[in-house]
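Structural description and commentary
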Amino acid sequence: MKLLHIDSSITGANSASRQLSAALVAALKAGIPGLEVIRRDLDANPIPHLDSKRLPTVRPANAPEGAVGIADEGGSDALDEFLSVDILVIGAPMYNFGPIGLAGGKHVIVASSRGGLYAPGMPFEVNDFQEKYLRAIFAFLGIGDIEIIRAEGLALSPAHREAALNTARATILASVAATKARRAE
């Protein structure tokens with residue numbers, strides 16, 4: 001049996017999540033003879049984000065034609081570790097800063113594209129970690145005037161993709177008109 005122990009805290013030895021995850025892994029090792037433990041510290045050795053330079057290497061079918069990728073730098077190793085284990089222990093801190101947002105008075109317009117259907121009222125709305133997260137982050141910064149221009153269901157079919165993009169483009173025109181009117185007041 002294999003266990004992957006992932007820590008992500010940036011506060012080192014003082015980290016409560018690191019202390020708790022280490023205690024959990026120690027208890028699992030004591031309780032499961034022969035348990036093999038793989039450790040990944042995302043602060044010490046971060047996994048690079050998927051970007052346009054790595055896309056041709058990890059997802060060639062999704063990369064622009066003729067694009068040449070750079071080395072994966074550990075992303076596939078991390079995936080292999082994840083897929084090879086039976087137990088996953090994650091030390092996951094949540095940093096509570098508690099400030100008052102200083103960026104109020106701004107209007108944020110997010111151009112959102114998604115392969116599936118996650119908008120309010122859709123069956124997978126509960127899995128919308130994009131818009132809810134962005135709204136929370138901007139609220140944290142003091143920005144509550146947030147507009148989402150959404151093209152979703154892009155992966156369903158070429159026809160659906162085109163229709164969704166056309167709907168979003170039409171929304172852009174309405175957004176620009178509303179923004180101009182708001183600024184003129």
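Presented here is an overview of the structure given in this document.

With that settled, consider the environment of Gly91. The residue Gly91 is located in strand E3 (residues 87–91) in this model. Through-space distance from the C-alpha of Gly91 to that of Ser8 is 6.3 Å; in sequence the pair is 83 residues apart. In this structure Gly91 touches Ile6, Asp7, Ser8, Ser17 and Ser21, once residues within four positions along its chain are discounted.

What follows deals with the side chain of Ser17. Tracing the backbone through its elements, the reader meets Ser17 in helix H1 (residues 16–31). Contacts of Ser17, omitting those with residues within four sequence positions, involve Asp7, Ser9, Gly91, Ala92 and Pro93.

Turning to the sheet that holds strand E1 (residues 2–7), a few remarks are in order. Pairing within the open sheet is parallel, and its three strands lie in the order E2-E1-E3. The open sheet is flanked by strand E2 (36–41) and E3, the only strands paired with a single partner. The mean angle between the axes of side-by-side strands here comes to 15°, regardless of whether they run parallel or antiparallel. Relative to E3, E1 is paired through five bridges, and the arrangement is parallel. Pairing of Leu3 across the sheet is with Ile87, part of E3. Of the strands in this sheet, E1, E2 and E3 touch helix H3 (residues 75–84), which is tilted by about 145° from E2.

In this section: the pattern of salt bridges. Summed over the entire model, instances satisfying the criterion amount to ten salt bridges. A salt bridge links Asp7 to Arg39; the nearest nitrogen and oxygen atoms lie 2.5 Å apart. Of this pair, Asp7 sits in strand E1 while Arg39 sits in strand E2, and the two are 32 residues apart along the sequence. A salt bridge links Arg40 to Glu81; the nearest nitrogen and oxygen atoms lie 2.8 Å apart. Remark: Glu81 occurs in helix H3 and Arg40 occurs in strand E2; sequence separation between them is 41 residues. Like Glu81, Arg40 is buried. Each member of the salt-bridge network shares a partner with another, and the members are Arg114, Asp128, Glu131, Arg150 and Glu152.

Reading guide: rules and limits
- Residues numbered from 1 in each chain as written.
- Predicted model: local features only at pLDDT ≥ 70, side-chain atom pairs only at ≥ 80, totals over all residues.
- Heavy atoms only, no water.
- Helix = DSSP H or I, 4+ residues; strand = E, 2+ residues; numbered from the N terminus.
- Contact = heavy atoms within 4.5 Å.
- Pairing = 2+ DSSP bridges.
- Axes fitted to C-alpha atoms, helices over the stretch in contact; angles between N-to-C directions.
- Salt bridge = Lys/Arg side-chain N within 4 Å of Asp/Glu carboxyl O.
- Buried < 20%, exposed > 50% of the residue type's maximum accessible area, 1.4 Å probe, protein only.

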